[in-house]
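# Notes for the structure review
Chain residues, written in single-letter form:
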Amino acid sequence: MTLPVADYAIIGGTGVYDPALLEHAREEEVTTRYGAVNCTVGEYQGKRIAFLPRHGKRHHTPPHQVNYKANIQALADMGVKHIFATAAVGSMRLALAPGALVAVDQFLDFTRGRPLTFFEDGEPVTHVDMTDPYCPRLRRLLVATAARAGITVANGGTYVCTEGPRFESPAEIRMFAQLGGDVVGMTSIPETVLAKERGLCYSTVAMVTNYCAGMSGAALSHQEVLDEMAKNVHVLRKLFFDAIAALPPDESGCACRTAAGGSL
Ligand code: HPA
């Protein structure tokens, strides 16, 4: 089996299952030592792009059971250097209403029991740098690309990652907000960490689908998240494809490449 090749990847989160704009798209299965990954590979304006729905095409894998290691390893093996990830999130800030887009720049990790690292089981002990958990270069590019299209994307924000799959209690939300969190989701960890460990540029644009538990007075539902995502998914998808098209070809100097200490 020959490995498909791609330079860029879009990881589609909740509500983003369709690669839509990809030309010459073909389905591929990539086998890694962590498991097999299904993705779609194609082109947009001559750039080779892999599209990977994080929860599977029919949203069958819950956030705490996503095979994050296989996903990131598959993209790295295909030659991907830049990952653009979507994420459905709840908002803890009144100013970030449903429909708002946030190019996050920090995280608070409240997961437990997920795989933490590639660097175990005989791999050299490695402490990856997390000063910039999300690639600042890609974040700036996304914000600028959005501005050109008249779309507002908040430049920075702190993503609180919970274990899920349950939503949070209002008391947890009050605590996260006091700690400096802006939005809450269930998937950015360990995805961003593993991407950094493999020396990849990784960015997330979070889409606010709801105010967090206890803020609106109403109970939360997964359907509400899906409905809000469905309204705006085309905006997010177009933004990612436009950002990839605008990315200059040689990015070998990015600090993301050596965040794991050059052991790559
Ligand atoms: N909490 C956690 N994850 C989410 C939420 C939320 O309120 N909305 C969408 N994903």
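Everything discussed here concerns the structure shown above.
Structure report, in brief. Worth saying up front: this structure is predicted, and the values here are computed from it rather than measured.

Quick notes on the rules
Residues numbered from 1 in each chain as written. Predicted model: local features only at pLDDT ≥ 70, side-chain atom pairs only at ≥ 80, totals over all residues. Heavy atoms only, no water. Helix = DSSP H or I, 4+ residues; strand = E, 2+ residues; numbered from the N terminus. Contact = heavy atoms within 4.5 Å. Buried < 20%, exposed > 50% of the residue type's maximum accessible area, 1.4 Å probe, protein only. Pairing = 2+ DSSP bridges. Expected span 1.5 Å × (residues − 1). 1 Å grid on protein atoms, 1.4 Å probe; cavity = no way out; pocket = protein on both sides within 12 Å on 5 of 7 lines; lining within 4 Å. Points joined across faces, edges and corners; volume = space filled by probe spheres on them. Nonpolar A, V, L, I, M, F, W, Y, C, P; charged D, E, K, R; others polar. Near = heavy atom within 4 Å. Polar contact = N/O pair within 3.5 Å; in protein donor to acceptor, adjacent residues only side chain to side chain. Areas by Shrake-Rupley, 256 points an atom, 1.4 Å probe, with all protein chains shown as cover. Sits in = over half its atoms within 2 Å of the grid points.

### Description of the environment of P63
Of note, P63 is situated in the loop between strand 4 (47-53) and helix 1 (68-78). Between the C-alpha atom of P63 and that of G164, which follows or precedes it by 101 residues, the distance is 6.8 Å. Aside from chain neighbours lying at most four places away, what touches P63 is H55, Y68, R114, M186 and T187.

### What to know about the pairing of strand 4
Burial analysis of strand 4 places six of its seven residues in the buried class, the great majority of the element. Here five bridges tie strand 1 (residues 8-12) to strand 4, and the two strands are oriented parallel to one another. Looking at the pairing, Y8 lines up with I49 of strand 4. Direction of pairing for strand 3 (residues 35-44) relative to strand 4: antiparallel, over a ladder of five bridges. Note that in strand 4 the partner of Y44 across the bridge is K47.

### Focus: helix 2 (residues 136-148)
Under the 1.5 Å per step criterion, the end-to-end length of helix 2 is 18 Å for 13 residues, consistent within 8% with the ideal 18 Å. Within helix 2 the residues assigned to the buried category are P136, L138, R139, L141, L142, V143, T145 and A146. Buried residues belonging to helix 2 abut strand 5 (82-91), strand 6 (101-103), strand 8 (153-155), strand 11 (201-211) and helix 5 (222-246). G150, located one to two residues past helix 2, shows a positive phi value of around 75 degrees.

### Considerations on the layout of surface pockets
Considering only enclosed or pocket space, the largest pocket measures out at about 350 Å³ in volume. Taken together, 25 residues line the largest pocket, and the ones lying closest to its centre are T14, A88, F167, M186 and H222. Put simply, the parts of the chain that give the lining of the largest pocket at least two residues each are strand 5, strand 10 (183-185), strand 11 and helix 5. A per-element tally of the lining of the largest pocket places strand 5 first, with four residues. Split by residue class, the lining of the largest pocket holds 13 nonpolar, ten polar and two charged. Roughly 300 Å³ of internal volume is contained in the second largest pocket. Among the elements of the structure, strand 3, strand 4 and helix 1 are those that each provide at least two residues to the lining of the second largest pocket. Top element by residues in the lining of the second largest pocket is strand 3. It accounts for five residues.

### Quick notes on the site of the ligand
Neighbouring the ligand are the residues A88, V89, G90, F167, E168, V184, G185, M186, T209, N210, L220 and V225. G90 is positioned such that a nitrogen or oxygen atom in its backbone is 3.2 Å from a nitrogen atom of the ligand. A distance of 2.8 Å is found between a nitrogen atom of the ligand and a side-chain nitrogen or oxygen belonging to E168. For the ligand, whose unbound accessible area comes to 260 Å², protein coverage reaches 95%. Most atoms of the ligand, that is more than half of them, are within 2 Å of grid points of the largest pocket. Elements supplying a minimum of two residues to the shell around the ligand: strand 5, strand 10 and strand 11. With three residues, the single largest contributor to the shell around the ligand is strand 5. The residue makeup of the shell around the ligand, split by class, is seven nonpolar, four polar and one charged.

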